[in-house]
Amino acid sequence: MKKKVLAIVAAVVLVAAFTSCDKKCTCTTTIGGITSESEINVSELNDKYGTDIKKCSEFNTNGITCKATL
């Protein structure tokens, strides 16, 4: 019984983590052998530019790789 309760709690926490209102992405940019990291607040970008970005991977292009920041 405890395992079932723990599994349900873990599932709820996991869903809550991915549906955060203030989603942030950590992006790694590599140009000419030089690498830098930056953090992007998705909700601020959507508000400022009227975009509808839902996943960090939408920022991925040549030389840029973005992942969700927990």
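Computed from a prediction, not measured in an experiment: that's the story for all the values here.

As a further point, take the sheet that holds strand E2 (residues 34–41). The strand order across the open sheet built from three strands is E2-E1-E3, with neighbouring strands paired in antiparallel fashion. Looking at the sheet topology across the chains shown, the edges are occupied by E2 and strand E3 (64–69). Taken over all neighbouring pairs, the strand axes of this sheet differ in orientation by 20° on average, direction set aside. In this structure, strand E1 (residues 24–31) lies alongside E2, joined through eight bridges in antiparallel fashion. Looking at E2, one finds that Ile31 is bridged to Ile34.

Defined simply, a disulfide is a covalent bond joining two cysteines at their sulfur atoms. Per the stated rule, a full pass over the model turns up two disulfides. The disulfide bridge from Cys25 ends at Cys56, spanning 2.0 Å between sulfur atoms. Taking the torsion about the S-S bond as the criterion, the Cys25 to Cys56 disulfide, at about -85°, is left-handed. Of this pair, Cys25 sits in strand E1 while Cys56 is found in the loop between helix H2 (42–49) and E3, placing the two residues 31 residues apart along the sequence. Between the sulfur atoms of Cys27 and its disulfide partner Cys66 the distance amounts to 2.0 Å. Residues Cys27 and Cys66 are joined by a disulfide whose S-S torsion is about 115°; by sign, that bridge is right-handed. Here the residue Cys27 occupies a position in strand E1, and Cys66 occupies one in strand E3, the gap between them amounting to 39 residues. A relative accessible area of 2% places Cys27 in the buried class. Once the disulfide-bonded cysteines of the protein are ranked by sequence position, their pairing pattern turns out to be 1-3, 2-4.

Moving on, we get to the environment of Gly63. Structurally, Gly63 is set in the loop between H2 and E3. Along the sequence, Gly63 and Gly33 sit 30 residues apart, while their C-alpha atoms lie 9.8 Å from each other.

What counts and how
Residues numbered from 1 in each chain as written. Predicted model: local features only at pLDDT ≥ 70, side-chain atom pairs only at ≥ 80, totals over all residues. Heavy atoms only, no water. Pairing = 2+ DSSP bridges. Helix = DSSP H or I, 4+ residues; strand = E, 2+ residues; numbered from the N terminus. Axes fitted to C-alpha atoms, helices over the stretch in contact; angles between N-to-C directions. Disulfide = S-S within 2.5 Å. Buried < 20%, exposed > 50% of the residue type's maximum accessible area, 1.4 Å probe, protein only.

By themselves, these figures tell us nothing about what the structure is for.
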